[in-house]
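Per-entry structural report
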Amino acid sequence: MRANISEIFYSIQGEGIFCGVRQLFVRFSGCNLDCYYCDTQYSEKCVDYASGRELENPVGIDYVQRVIDSATSIHSVSFTGGEPLLYADFISGLEKTRTFYLESNMSLPEEARKLKHVDIVAGDLKVREALRAGYEEIYERTVETFRILRDSKERVTFAKIVLPEQFDFEDVMARAEGISDYVRCFVLQPVFGSDVRNILKLQEKMLELADTRVIPQVHKYLGVR
Ligand SMILES: C[S@@+](CC[C@H](N)C(=O)[O-])C[C@H]1O[C@@H](n2cnc3c(N)ncnc32)[C@H](O)[C@@H]1O
Ligand SMILES: Nc1nc2[nH]cc(C(=O)O)c2c(=O)[nH]1
Ligand code: SF4
Ligand SMILES: [Mg+2]
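Residues numbered from 1 in each chain as written. Chains lettered and ligands numbered in written order. Predicted model: local features only at pLDDT ≥ 70, side-chain atom pairs only at ≥ 80, totals over all residues.

Going by the annotation in an unreviewed UniProt entry, the name recorded for the protein is 7-carboxy-7-deazaguanine synthase, with Geoglobus ahangari given as the source organism. Heading Subunit (unreviewed entry) of the UniProt record for the protein holds this comment: "Homodimer." The UniProt entry for the protein carries the following comment under Function (unreviewed entry): "Catalyzes the complex heterocyclic radical-mediated conversion of 6-carboxy-5,6,7,8-tetrahydropterin (CPH4) to 7-carboxy-7-deazaguanine (CDG), a step common to the biosynthetic pathways of all 7-deazapurine-containing compounds." (UniProt positions renumbered as here; feature names shortened; annotations may be inferred.)

Now the structure itself:
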C-alpha cells in the first residue's frame, strides 16, 4: 500500500490539550475541504526531516512503518495533512507500535469507521465562516464522524473549533452542543494572529455546556514546524 506524504518530522504538538508533547508527524497530501484560513501546503516529494531524505511519492507503507518503529522518545505519532482520513486504509494497515494521534476535519464518516483503533482524536468542528459552500452537509457528516470516533475509556477525543474574529455566536454554540456527548472537551483555537475578544466571550458561554479551553497554535509562536 502507498500514500502521498508531504513531510515527516519531529516537533512538539502545538495545538489542543496535548500541547507540548513530542511527536513524530506524518503529513499526508491533499484535502476534501477548502478552509479559507488553511495554513498548510504540500511538497510534491515526501521530505523526511527525521532522516534527512527526500522520497518520490507515493511512499510505501513499509517505509512509514520503519520510521515509526525507529522513532525515539515520542509521546505519539500524529497523522495529519491535508486530510488523513483520505488515507484511512493506509493508516489502518500500519502496526500500532506507538500511540496513534489523528488530526482530522471529521467530515468523512465512512473512512473514520476504518480507524477505530486510534488512541487520540483531535477533531475539528468547522464553523460556517470557515467554508465556502456545503456547510449543512459537512456538519451532518461531522456529527456522525464524532459519533464513530467518540471519546471513551480506550480513546481520548476532543474537538477543536478554529475561530476567526467574527463568527455567528449562536450557531457555533448550537453546533458544539450537537457533538458535546462525543468529546472530552472543546478547544477554541483562534485563526492564527486574530483578535481573541469574541472567543473569550464564547468560552464563557460554552463553559455552561462543557470544559472549554482557549489555546492558540503554540508552535507558531516558537517558530518551529
Ligand atoms: C492543517 S489541519 C490538518 C488536519 C485536518 N485537515 C483539519 O483541518 O483538522 C490541522 C489543524 O490546523 C488548523 N488550522 C489550519 N490553518 C489554521 C490557521 N490559519 N489558524 C489556526 N488554525 C489553523 C486546522 O483547523 C486544524 O485544526
Ligand atoms: N507543531 C505542530 N503542531 C501541530 N498540531 C497540528 C498540526 C497540523 O498541522 O495538523 C501541527 C503542526 O503543523 N505543527
Ligand atoms: S480541512 Fe484542514 S487541511 Fe483541509 S483545508 Fe481545512 S484546515 Fe486545511
Ligand atoms: Mg499545521
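Still more ground to cover, so stick around.
Taken together, the neighbourhood of ligand 1 is formed by 18 residues, with Tyr-37, Asp-39, Asp-124, Val-162 and Phe-192 sitting nearest. Breaking the shell around ligand 1 down by element, the ones donating at least two residues are strand E8 (100–104) and strand E10 (156–163). Of the residues that constitute the shell around ligand 1, the class distribution is six nonpolar, seven polar and five charged. (Near = placed C-beta within 6 Å. Helix = DSSP H or I, 4+ residues; strand = E, 2+ residues; numbered from the N terminus. Nonpolar A, V, L, I, M, F, W, Y, C, P; charged D, E, K, R; others polar.)

Moving on to the environment of Gly-16. Assignment of secondary structure puts Gly-16 in the loop between strand E2 (5–12) and strand E3 (22–28). With 21 C-beta atoms counted inside 10 Å, the residue Gly-16 sits in the buried group. With residues up to four places along the chain from it excluded, the contact list for Gly-16 reads Ala-122, Phe-158, Lys-160, Val-187 and Ile-215. (Buried ≥ 20, exposed ≤ 12 C-beta atoms within 10 Å, placed from the backbone. Contact = placed C-beta atoms within 7 Å.)

What follows concerns the UniProt feature "binding site: substrate" (unreviewed entry) in the protein. Following the UniProt record, the feature "binding site: substrate" (unreviewed entry) maps to Ile-12, Gln-13, Gly-14, Arg-27 and Thr-80 here. Assignment of secondary structure puts Gly-14 in the loop between E2 and E3. Inspection of the secondary structure puts Thr-80 in strand E7 (residues 76–80). Contact partners of Thr-80, with chain neighbours within four places excluded, come to Phe-25, Arg-27 and Glu-103.

In the UniProt entry, the feature "domain: Radical SAM core" (unreviewed entry) is given for residues 18–225. Secondary structure across residues 18–225 divides into 28% helix and 22% strand, with the first and last C-alpha atoms of the span separated by 16 Å.

A separate point is helix H6 (residues 197–206). For the α-helix, the turn length of 3.6 residues means that residues three or four positions removed from each other point alike. Every buried residue of H6 is listed here: Ile-199, Leu-202 and Met-206. Looking down the long axis of H6, one finds its buried residues gathered within 60° of arc, a one-sided arrangement. Away from the buried face of H6 by more than 90 degrees, exposed residues Arg-197, Leu-200, Lys-201 and Glu-204 are located. Where H6 is buried, its residues meet E10, helix H5 (169–179), strand E11 (186–190) and strand E12 (212–214). (Arc of directions from axis to C-beta.)

Confidence along the protein averages 98 in pLDDT terms, with 100% of residues attaining 70 or more. Scoring of the predicted complex yields 0.98 for pTM and 0.99 for ipTM. (pLDDT = per-residue confidence, 0-100.)

For Pro-190, the position within the fold is in strand E11. We classify Pro-190 as partly exposed; it has 19 C-beta atoms within 10 Å. Sequence separation of Pro-190 and Pro-164 is 26 residues, and the distance between their C-alpha atoms is 6.2 Å. Not counting residues within four places of it along the chain, the set of residues in contact with Pro-190 comprises Leu-163, Val-196, Ile-199 and Pro-216.

A separate point is the pairing of strand E9 (residues 120–124). Burial within E9 is extensive, with five of its five residues counted as buried. What you see with E9 is no split at all: Ile-120, Ala-122 and Asp-124 on one side and Val-121 and Gly-123 on the other are buried throughout. The pairing of E8 with E9 spans four bridges and is classified as parallel. For Glu-103, the partnering residue across the bridge sits in E9 and is Ala-122. The sheet contact formed by E9 and E10 spans five bridges and is parallel. Residue pairing for E10: Gly-123 is matched across the bridge by Ala-159. On the question of chirality, the crossover connecting E9 to the parallel E10 by way of helix H4 (residues 135–148) is right-handed. (Pairing = 2+ DSSP bridges. Right-handed = clockwise from strand over helix to strand, strands pointing away.)

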